[in-house]
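# Geometric and topological summary
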Amino acid sequence: MFLELGQRPDEPGPPIHGPKTYPADVQARLAADAQGVIARYPQGRSALLPLLHLVQSEDGCLTSAGIAFCARQLGLTDAEVTAVATFYSMYRRTPTGEYLVGVCTNTLCAIMGGDAILEALQDHLGLHAGETTESVDGGPSVTLEHIECNAACDYAPVVMVNWEFFDNQTPSSARDLVDELRAGHPPLPTRGAPLCTFKETSRVLAGLPDPEAAAAQTSAGDATLAGLRIAKEKGMKAPDPAATPNDPETSPDATESKK
């Protein structure tokens, strides 16, 4: 069997491009934010992932300037930063619209209609996954992509906009969703914080959230909490972490003998 390795067919190349350096004022502004992020970590290089989100909040995707900025801040080489940046799908390699619309096409969402939703949005917007719409009358642009599981199978099929959930979608509701986004009237997610732009979302993921957005967070939905609710009703709880596997009172055999 022959396996050809390399970037996915739908990934544009080169993987990261764009300007090599930032203007001096942008460099200074990003450096001030970066120092606050780096200070949270015992070892500076541990701040690489949030710093990549920080430069993505500036450009809407990763650029050569962003890679170089992260490398200089952390004492790494550009190659080391690029190796990490190209591993994670949340770091974009091409310019992204104000709203990144992701349709889950993993197993459960696909079975529940995710593939049909993605096809409907491609037809409705006249583009393929990975492409971005043109702005209409100065309104927001939308980038469409297919995504892997986002741990929301209890609400399948799921569409995400800038990583916020829109649950139990249909082709019709998904078309309405992108129409509202393009008209500049972003609807409230099913759960989580109100929508902000892709660049603003990247700044939140860098650990620099807007205080008002952070205060608007909501709890998990009923379907997600169903297991916890049943456990409480039945008096179930996790084992005591202080107990050892060899504790005769907590071993599987001892527990079974008490039944």
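What you see is a predicted model, and the numbers here were worked out from it, not measured in a lab. (Residues numbered from 1 in each chain as written. Predicted model: local features only at pLDDT ≥ 70, side-chain atom pairs only at ≥ 80, totals over all residues. Heavy atoms only, no water.)

### Concerning the overall build of the chain
Tallying secondary structure elements over the chain gives eleven helices and four strands in all. For the chain, the proportion of its 259 residues judged to be buried stands at 38%. Counting contacts in the chain only where the partners sit at least 6 residues apart, residues at least 24 apart contribute 66% of the total. (Helix = DSSP H or I, 4+ residues; strand = E, 2+ residues; numbered from the N terminus. Buried < 20%, exposed > 50% of the residue type's maximum accessible area, 1.4 Å probe, protein only. Contact = heavy atoms within 4.5 Å.)

### As for the packing of helix 1 (residues 24-38) against helix 2 (residues 48-59)
Axis separation between helix 1 and helix 2 bottoms out at 10 Å; the angle between their running directions is 150 degrees. By the angle between their directions, the pair helix 1 and helix 2 is classed as roughly antiparallel. Viewed along their axes, helix 1 and helix 2 form a crossing whose handedness is right-handed. In contact with V26, R29, L30, D33, A34, V37 and I38 of helix 1, helix 2 contributes P50, L51, L54 and E58. Per-class residue counts for the contact of helix 1 with helix 2 are eight nonpolar, no polar and three charged. (Axes fitted to C-alpha atoms, helices over the stretch in contact; angles between N-to-C directions. Parallel < 35°, antiparallel > 145°, perpendicular 65-115°, else oblique. Left-handed = near helix turned anticlockwise from the far one by under 90°. Nonpolar A, V, L, I, M, F, W, Y, C, P; charged D, E, K, R; others polar.)

### A short note on the sheet that holds strand 3 (residues 159-161)
A sheet is described by the order of its strands in space; here four strands give the open sequence 2-1-3-4, paired in mixed fashion. Both outer strands of the open sheet, strand 2 (142-147) and strand 4 (164-166), are each paired with one neighbouring strand and no more. Averaged over all adjacent pairs, the angle separating strand axes in this sheet is 25 degrees, with direction ignored. Where strand 3 lies against strand 4, three bridges are found, and the strand directions are antiparallel. Note that in strand 4 the partner of V161 across the bridge is E164. (Pairing = 2+ DSSP bridges.)

### Quick look at helix 8 (residues 198-205)
Listed in full, the buried residues belonging to helix 8 are F198, T201 and S202. For helix 8, the angular spread of the buried residues around the axis is 100 degrees, confining them to a single face. Buried residues along helix 8 sit against helix 2 and strand 1 (99-104). Looking one or two places after helix 8, you find G207, whose phi comes out positive at around 95 degrees. (Arc of directions from axis to C-beta.)

### Here we look at the environment of G36
By the secondary structure assignment, G36 is in helix 1. Among the residues examined, G36 registers a relative accessible area of 38% and is labelled partly exposed. In the structure, G36 is positioned 171 residues away from G207 in sequence and 9.4 Å away in space, judged by C-alpha atoms.

### A word on the UniProt feature "binding site: [2Fe-2S] cluster" (unreviewed entry) in the chain
The positions that UniProt labels "binding site: [2Fe-2S] cluster" (unreviewed entry) are, in the present scheme, C104, C109, C149 and C153. Taken together, the annotated residues stretch across 50 residues yet fold into one region, lying no more than 9.7 Å apart by C-alpha. Summarising the element assignment, C104 is placed in strand 1. Look at C104 and you get buried, because its relative accessible area is 6%. What C104 contacts, discounting residues up to four positions off in sequence, is C109, G114, I147, E148, C149 and V158. Position of C109 relative to the elements: it lies in helix 5 (residues 107-112). Classification of C109 by relative accessible area gives buried; the value is 5%. Residues contacting C109, with those up to four places away along its chain left out, are C104, G114, A156, P157 and V158. (UniProt positions renumbered as here; feature names shortened; annotations may be inferred.)

### Some points on the nonpolar core
Counting 27 residues, the largest nonpolar core has L51, L52, L54, F69, C70 and V81 as the members making the most contacts within it. Setting aside chain neighbours within four positions, we find C70 in contact with L48, L51, L52, V55 and V81. Core analysis: the second largest hydrophobic core is formed by 18 residues, V142, V159, L177 and V178 among them. (Core = buried A, V, L, I, M, F, W, Y, C linked by side-chain atoms within 4.5 Å.)

### What to know about unusual backbone geometry
In this chain, A156 is followed by P157 through a cis amide linkage whose omega measures -5 degrees. One non-glycine residue with positive phi stands out, namely A151, at about 55 degrees. The topology assignment puts A151 in the loop between strand 2 and strand 3. A residue is classified by how much of its surface remains accessible, and A151, at 69% relative accessible area, is exposed.

### Some words on helix 1
An ideal rise of 1.5 Å per residue puts 21 Å on 15 residues; helix 1 measures up with 20 Å between its terminal C-alpha atoms. Those residues of helix 1 not exposed but buried are V26, L30, A31, D33, A34, V37 and I38. (Expected span 1.5 Å × (residues − 1).)

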